[in-house]
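Given next are the chains, with one letter for each unit.
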Amino acid sequence: MSYFSIVSDASCDLNAALRSRFEIDALIYSQILFPDGHSETVDTDWGNITPDAYFGSMVDKKLRYQSSSPGPENAKRVFRAELEKGNDVLCVTLSSGMSAIYEHCLIAKEELASEFPDRTICILDSKRYSTASGLLCILASKHRAEGKSITETVELLENYSKRIHQSGWMDDLFFLARAGRLSKGTAFMGTMIGVKPIADFNLNTGMFQVIGKARGANNALRAVVDYVKATIENPAEQIVFVAHTLRKEYADRLGQMIQEEIGPKEVLVNWVGQTSGANIGPGLVATFYLGKPLSEELVEETEILKSILK
C-alpha cells in the first residue's frame, strides 16, 4: 500500500507547528490583496502582518482585503512535488461554495494523471472553511497512521464532513454579506446593538447559516456551550478547535468552558487565518467539532438552539 501525502490549501489555518505535529505534508498557497493594492502570499504563521493589525484595520469597515484562489498551476506544482516522491496525494480544499480552489485542484489532478499513471490523487471538497478543513486534515493523518489506505481515508472524511459543526457567533455580519456569504437581510441582524447571531454550516450551500441570536456575549457563550453539549459525539476522543478573529478573550473563555463542561481530549484555540479572515472580518468566535450529522437546511439544529435560547 502506497504512502499518501496530505495536502490542503492555506485556508485550513494550520500553522507550521500544527502541520508538523499532525504530519500535514504540504499547503497550496494563494495570494492576499492588501488595501493599498499590493499582494502577498498567505502566511499561516502571520510573519507578514500580525493578526491584531490585520483584523484591527478592518474594524471601521473602510479597508478591504481580498483573497484569491491559487489556481491550477500552483496546485499542480504542489501535487507534483509529492507525486515525485512516489506518494499518492489526498488534498482537502476550502468549501467549493466559497472558492474555486476545489475546481482548480480537479484540473491539476486531470493534467497530472497521464504524467503519473501509477499514482492516485484524491480531491475532497471539505464543504467547510478555516480550522474545520484543518480538522479534516488532522483526522486524515490519524487514519493514515492507523494504516488506512487513501481510499478508506477519503470515505471516512466524506462521512466526517457531514458531521463537522461550526458553532459560534459574530459581532457583525457585514463582511460575510459583502463577500456574498450571506444575504444582506440576514446581515442586518448583525448590526443590531447587542445581538450576537449564532450560526452553523449549511451542507447544501457550503456557507454559513444563522440559526438563532443571543443578547450579549455572555449569553452567546452560554448558548454555544449548551449547543455543543447537545450536538457533539464522543467528546473524550476529540480534538476541538476554537477559532476567532480579534476576540481572543472570548475564544479562551469558550475553550475553557468546553474543556471543563464537556471534557474533550484537547481544545486548541487559534486565529482564523488570512484567507478566510478576509471574508469574515473581526468579531468571530466559533468552535469546530465532530457531532451528530447535520440536518437538511439545519432544521434540527435551529430547533435545538431555539430551545436553548428560551
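Definitions and limits used
- Residues numbered from 1 in each chain as written.
- Predicted model: local features only at pLDDT ≥ 70, side-chain atom pairs only at ≥ 80, totals over all residues.
- Heavy atoms only, no water.
- 1 Å grid on protein atoms, 1.4 Å probe; cavity = no way out; pocket = protein on both sides within 12 Å on 5 of 7 lines; lining within 4 Å.
- Points joined across faces, edges and corners; volume = space filled by probe spheres on them.
- Helix = DSSP H or I, 4+ residues; strand = E, 2+ residues; numbered from the N terminus.
- Nonpolar A, V, L, I, M, F, W, Y, C, P; charged D, E, K, R; others polar.
- Pairing = 2+ DSSP bridges.
- Axes fitted to C-alpha atoms, helices over the stretch in contact; angles between N-to-C directions.
- Contact = heavy atoms within 4.5 Å.
- Buried < 20%, exposed > 50% of the residue type's maximum accessible area, 1.4 Å probe, protein only.
- Salt bridge = Lys/Arg side-chain N within 4 Å of Asp/Glu carboxyl O.

Caption draft 1: Main features of empty space enclosed by the protein. One pass over the full model with this rule turns up 1 cavity of 30 Å³ or more. Considered as a void within the structure, the largest cavity measures approximately 100 Å³ in volume. Looking at the lining of the largest cavity, the element that brings in the most residues is strand β8 (residues 164-170), giving 4 residues. Counted by class, the lining of the largest cavity contains 12 nonpolar, 2 polar and 1 charged residues.

Caption draft 2: Examining the layout of surface pockets more closely. Of the pockets and cavities examined, the largest pocket occupies roughly 410 Å³. Counting residues per element, the lining of the largest pocket draws most heavily on helix α5 (residues 130-145), at 6 residues. Here the residues of the lining of the largest pocket sort into 7 nonpolar, 4 polar and 5 charged. Quantified by volume, the second largest pocket comes out at close to 220 Å³. Here the lining of the second largest pocket is composed, by residue class, of 11 nonpolar, 9 polar and 2 charged.

Caption draft 3: Quick look at the sheet that holds strand β1 (residues 4-9). The strand order across the open sheet built from 4 strands is β2-β1-β6-β7, with neighbouring strands paired in parallel fashion. Each edge of the sheet is formed by a strand with only one pairing partner; in this case those strands are β2 (26-28) and β7 (121-125). Across the sheet, the mean angle from the axis of one strand to that of its neighbour is 25°, orientation sign disregarded. For β1 and strand β6 (residues 88-93), the ladder comprises 5 bridges, and the chain directions are parallel. When the bridges of β6 are listed, Val7 appears paired with Cys91. Where helix α6 (residues 150-160) meets the sheet, it contacts β1, β6 and β7, and its direction lies at approximately 10° from that of β6.

Caption draft 4: Broad picture of the side chain of Ser5. Looking at the element boundaries, Ser5 is found in strand β1. Ser5 gets classed as buried once you look at its relative accessible area, which sits at 0%. Apart from the residues lying within four places of it in its own chain, the contact partners of Ser5 are Asp25, Glu82, Asn87, Asp88, Val89, Leu90 and Arg144.

Caption draft 5: Looking closely at the pattern of salt bridges. Across all of its chains, the model carries 17 salt bridges by this definition. In this structure, Arg144 and Asp25 form a salt bridge, with 2.8 Å as the shortest nitrogen-oxygen distance. Within this pair, whereas Arg144 is found in helix α5, its partner Asp25 is found in the loop between α1 (16-22) and β2, the two being separated by 119 residues in sequence. Residue Glu261 pairs with Arg222 through a salt bridge whose shortest N-O separation is 2.7 Å. One end of the pair, Glu261, is in helix α10 (residues 248-261); the other, Arg222, is in helix α9 (residues 217-231), with 39 residues separating them in the sequence.

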